[in-house]
Amino acid sequence: MKLSVKEFVKDFKNQFQSMYAYPYEEGSTEQLYNALGLLIKNYVSSNWKDTRESYIKQSAKQVYYFSMEFLPGRQLKSNTYNLGLLETVSKGLDQLGLSLDELAEAEADPALGNGGLGRLASCFMDSLASMAIPGNGNGIRYQYGLFRQKFVDGYQVELPENWLRYRNVWETRNDKSTCMVRFGGNVWLEENEQGHLEPKYENTLNVLAVPYDTPMVGYKNERVNNLRLWSAEIPVEEESNYLTIDATDPIKEITEALYPDDSNYEGRLLRLKQEYFMVSAGVQSILRHYRKYNMPRKNIPDKVAIHINDTHPALVIPEMMRILIDEEHLSWDQAWEITFKTCSYTNHTILREALEKWPIDMMKELLPRIYMIIEEINNRYVEHMLPLYGERITWQTAILQNGVVNMAHLAVIGSHSVNGVAQLHTDILMNDVLKDFFEIYPERFNNKTNGITQRRWMHLANPDLTQLLDDKIGKAWKSNPAELKVFKGYEKDKQTIKELAEVKLNNKKKLAAHIEKVKGITVDPNAIFDVQIKRLHAYKRQHMNLLHILHRYLEIKQNPSVDYVPRVFIFGAKAAPSYVYAKQIIKVINAVGDLVNNDPDIGNKLKVVFFENYGVSLAEKIIPATDVSEQISLASMEASGTSNMKFMANGALTLATLDGANIEIRDYVGEENMFIFGLTSDEVYEVRGNGSYNARELYQSNSTVKRVLDALINGTILNLEGEGDALFDSLVNYNDEYLVLKDFESYIQAHEAIDALYKDQKEWTRKSLLNIASSAPFSADYTISRYAEDIWKVKPCCPGKLKVQPRNEPMY
Ligand SMILES: *Cc1c(COP(=O)(O)O)cnc(C)c1O
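Nothing here was measured: the structure is a model prediction, and the numbers come from that model.

### Some words on the confidence of the model for the chain
Overall, the predicted model of the chain reaches an average pLDDT of 96, with 98% of residues at or above 70. Segment residues 802–806 is flagged for pLDDT under 50; beyond a separation of four residues in sequence, or across chains, it makes 12 contacts in the model.

Here it is as structure tokens:
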């Protein structure tokens, strides 16, 4: 958008005064941020309206991305940037004696997700808008986000995250578009005058779903899509039924808090309530909106695509059936045809404990009509499949099994497309986890490797690198990531290598200052910054990283002249509050940090920094300053990973097992430009399958392993309360479920190769350059265009008005 600095300054002063009735000079940082945010939102609003209207006018097909989690990060700078106003606003604020960066820090970082799954959803929102694809998000407006993490004596403590405390300037409460969602009670079917079976309800809990809409601003293309988050309230006409404040709890709690666990669900009633609440409100509002298109219902799949992000929103399928049959009076077959052509599903995990299953009794009681429909879907499925595939396959793929509703099966049966999120992951789905379904519906399966938005993770997070790229290869890469590969031509250019090394060093100095400020630890910016930031989970193997740090510590103690390049190990990770082992790992890492950081024999050779409260904003600070990206999950366990892509794009070298998208990173950048170690996925299947692995034997026979593990239990590490023993037990006595010890030696060797390469700074930086130049395929813009073409069949809308044309370059 066009705006002069002068106009902006005037707008800002007026905005501030109209909100607070005194001049901006007297405003607090929060107030100044609020005024600026609302002003930017005003600038967005006419495009927001135009986009909405143009979709209806052109009867555009729209995507609805249903996700229990979104992790958007702070939006002030990204919205300003995508509007094309970053420079104007920054200059204008300077004139007023204010700093955009400072005001931006006042924004709460909405933690409405646990990790990768939610962050992917937000990268997709950014790409949908930037590709001018009609796309909407649908989720929950949790009052409290994921807990705020603090360390007390090295232990994780969880505090409430009240992200709405200072208001959320980006959202618009939309009272015109509320829906009613019903829970519980009794349901029966009665024939009405037209001979339709109509459901009758009594004693239901009625909950009002209120939408809060947030603009999703496209990159310099005047498109603004919508993210709709639902909040639960008491229906106005029922308010008098609630006599006490406490009586309202069953309603308020529905959207009170994000479930703090992304890989392991206890069968919790509230969680199921949340899922149905979001799904029912979302589907109702989609079908209501569809009426504006004035088309027959059989055309719904031509105009609507609903995406089910992991199984959490899979109740979309029976909910859509319910509305089409009960309210719109279609036949079962008509409704089914529409539903299954409309829905598509992404699987995100192969961890058995994370595959969602709900007790039938719970589902029946909470959602009686939905359960009736699921039962009917199941019966028809079984009836159809038995003669075709026989008993074994039919029963193993049924939705209802042993007293539970298998949500992945519901999602596969009710969707026309099922995708994994990296090639290896999709292969594992087809060959193992969903093998029987692959036999029945081979045409439904496809891979869509994850991606990230370079706008947030490069342009905004790493302005110096962005400037360097602009200077060397021109600015085209910003709207056409494929251009990044032009940077490869500079690998032998001494000047570019020197400048790239300076950019990295400068970013490391900034992070070092931040570490000093928040952790009080002094680190040397010339040391290798070695980073593992992600949710804490045994399969991700932060404890293997820990064991390696301990190994280095013991080596230095034993042989002070050992030739290690100084290393700063950086962690960021939250553990699910109920995940005891993960919390024990956090405690031991912190205890080892205390040991190492305060030992005068160690000095700068080794530092350990564990940031509190890992989230998007912290990731933005850390990633541009990273030399080594730790992607060390046990092969086959990490579906894709996306932090691996963010690091690569910022010039870190990846230390990885051949898991998830690491394999594709290798395919693009080349094995020689990263550090690969450990078992392959096939080897993991073999070792785990044949029962040959004996961790105790390995511990007893391998002196390196033995020395490190003994340090966990012999008092070397101070201030532990049995956490070291817990790690030891799990690794030795419970046979090391994630094969940490098996991969340990090759992990140590990879770290030695890192030291050796780092000593040759030019060569290191050359490889860093090649990583940046090879990172384009992981742009979420490409991922989204593949979803759009293969799964959703949606096109960029309203070509007449498009500024940035959809890319003609070959797609990755
Ligand atoms: C990218 C990102 C993740 C995903 O990290 P993985 O290492 O791929 O698991 C999680 N949390 C945040 C805040 C992120 O930005």
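What follows continues from the structure just given.
### Observations regarding the packing of aromatic side chains
Evaluation of the coordinates by the stated rule reveals 21 aromatic pairs. Relative to Y293, the ring of Y290 has its centre 6.2 Å away and its plane inclined at 40 degrees; by these criteria the two rings are tilted. Y293 carries the same exposure label as Y290, and that label is buried. Sitting over the ring of Y201, R182 keeps its end group 3.8 Å from the ring centre.

### Here we look at the environment of S177
Note that S177 resides in the loop between β5 (172–173) and β6 (179–183). Given the relative accessible area of 12%, S177 is considered buried. Once the C-alpha coordinates of S177 and R268 are considered, the two residues, 91 residues apart in sequence, prove to be 29 Å apart. Those residues in contact with S177 that lie beyond four places of it in its chain are P211, R228, W230 and R288.

### Observations concerning the pairing of β6
The two faces of β6 differ: C179, V181 and F183 on one face are buried, but M180 and R182 on the other face are not. Two elements, β6 and strand β9 (residues 205–217), share five bridges in a ladder whose sense is antiparallel. Within β9, the position partnered with V181 by the bridge is V207.

### Brief notes about the sheet that holds strand β15 (residues 404–406)
Read from one edge to the other, the open sheet built from three strands follows the order β13-β15-β14, with strand pairing classed as antiparallel. Only two strands of the sheet have a single partner each, and these edge strands are β13 (357–359) and β14 (400–401). Note that β13 and β15 share three bridges and pair antiparallel. If you follow P359 over to β15, its bridge partner there is V404.

### Describing the nonpolar core
In summary, soluble globular proteins display a tendency toward joint burial of nonpolar side chains. Counting residues in each nonpolar core, the largest one holds 170 residues, and the members touching the most others are L315, M363, I570 and W792. Per element, the largest residue contribution to this core is 10 residues, and it comes from helix α8 (residues 269–291). Both of domain 2 (63–71 + 109–354 + 407–447) and domain 3 (464–675 + 740–778) provide at least three residues apiece to this core. Look past the residues within four positions of M363 in its chain and what remains in contact with it is L272, L315, W358, P368, Y371, I374, V405 and M407. If you look at the next biggest cluster of nonpolar residues, it comprises 77 residues, including A538, I589, Y699 and L739.

### So, the packing of helix α20 (residues 542–558) against helix α27 (residues 703–713)
Running from N to C, α20 and α27 point in directions that differ by 100 degrees, and their axes come no closer than 10 Å. Compared by their axis directions, α20 and α27 come out roughly perpendicular. Contact with α20, carried on its side by L547, L550, H551, L554, E555 and Q558, involves T704, R707, V708, L709, A711 and L712 of α27 and no other residues of that element. Of the residues assigned to the contact of α20 with α27, the class counts are seven nonpolar, three polar and two charged.

### Side note on the site of the ligand
Around the ligand lies a shell of 14 residues, among which K534, K540, T642, S643 and K646 are the nearest. Here K540 contributes a side-chain N or O atom positioned 2.8 Å from an oxygen atom of the ligand. Surface burial for the ligand is 96%, taken as the share of its 390 Å² of free accessible area covered by protein chains. Among the elements of the structure, α6 (116–130) and α23 (643–649) are those that each provide at least two residues to the shell around the ligand. Of the residues contributing to the shell around the ligand, the split by class is four nonpolar, six polar and four charged. Residues lining the shell around the ligand come from more than one domain, with at least three contributed by each of domain 2 (63–71 + 109–354 + 407–447) and domain 3 (464–675 + 740–778).

### Re the pattern of salt bridges
Evaluation of the coordinates by the stated rule reveals 47 salt bridges. Between K621 and E105 there is a salt bridge, with the nearest N and O atoms lying 3.3 Å from each other. You can see K621 sitting in helix α22 (residues 616–622) and its partner E105 sitting in helix α5 (residues 100–105), a full 516 residues away along the chain.

What counts, and at which threshold
- Throughout, residues of each chain are indexed from 1 in the direction in which the sequence is written.
- A pLDDT threshold of at least 70 governs which residues receive local features in this predicted model, and a stricter bar of 80 or more applies before side-chain atom pairs are shown or counted, although totals over entire chains, interfaces and linings include all residues.
- Excluding hydrogens and water, the side-chain values take into account all heavy atoms of the structure.
- Each residue gets a pLDDT score, which is the predictor's confidence in that residue and runs from 0 to 100.
- Contacts between residues were defined by any pair of non-hydrogen atoms, one from each residue, lying within 4.5 Å.
- Here is the rule: rings of Phe, Tyr and Trp (six-membered ring for Trp) pair when centre to centre is within 6.5 Å. Planes less than 30 degrees apart are stacked, more than 60 are edge-to-face, and the remainder are tilted.
- Note on classification: 1.4 Å probe, protein chains only; a residue is buried when its accessible area is under 20% of the maximum for its type, exposed when over 50%, partly exposed between these limits.
- The criterion is that NZ of a Lys, or CZ of an Arg, lies within 6 Å of the ring centre and within 35 degrees of the ring normal, and then a charge sits over that ring.
- Strands here mean DSSP runs of E at least two residues long; helices mean DSSP runs of H or I at least four residues long; both are numbered from the N terminus.
- The pairing criterion is simple: DSSP has to find at least two bridges between the two strands.
- Each nonpolar core is a collection of buried residues, namely Ala, Val, Leu, Ile, Met, Phe, Trp, Tyr and Cys, held together in the definition by side-chain atoms within 4.5 Å.
- Source of the domain bounds: an automatic or database domain assignment.
- As a rule, the C-alpha atoms of each element are fitted with a line to give its axis, helices using only the stretch in contact, and angles between N-to-C directions run from 0 to 180 degrees.
- Throughout this description, any angle smaller than 35 degrees is read as roughly parallel, any larger than 145 degrees as roughly antiparallel, any in the 65 to 115 degree range as roughly perpendicular, and the remainder as oblique.
- Charged means Asp, Glu, Lys or Arg here, nonpolar means Ala, Val, Leu, Ile, Met, Phe, Trp, Tyr, Cys or Pro, and polar covers whatever is left, Gly included.
- We define proximity as follows: a residue is near a molecule or strand when any one of its heavy atoms falls within 4 Å of that partner.
- Here a polar contact is taken to be a pair of N or O atoms separated by no more than 3.5 Å, where protein atoms must pair a possible hydrogen donor with a possible acceptor and residues adjacent in sequence count only if both atoms sit in side chains.
- Residue exposure ignores everything except the shown protein chains as possible cover, and the areas themselves are Shrake-Rupley values with a 1.4 Å probe.
- The rule for a salt bridge is simple: a side-chain nitrogen of Lys or Arg has to be within 4 Å of a carboxyl oxygen of Asp or Glu.

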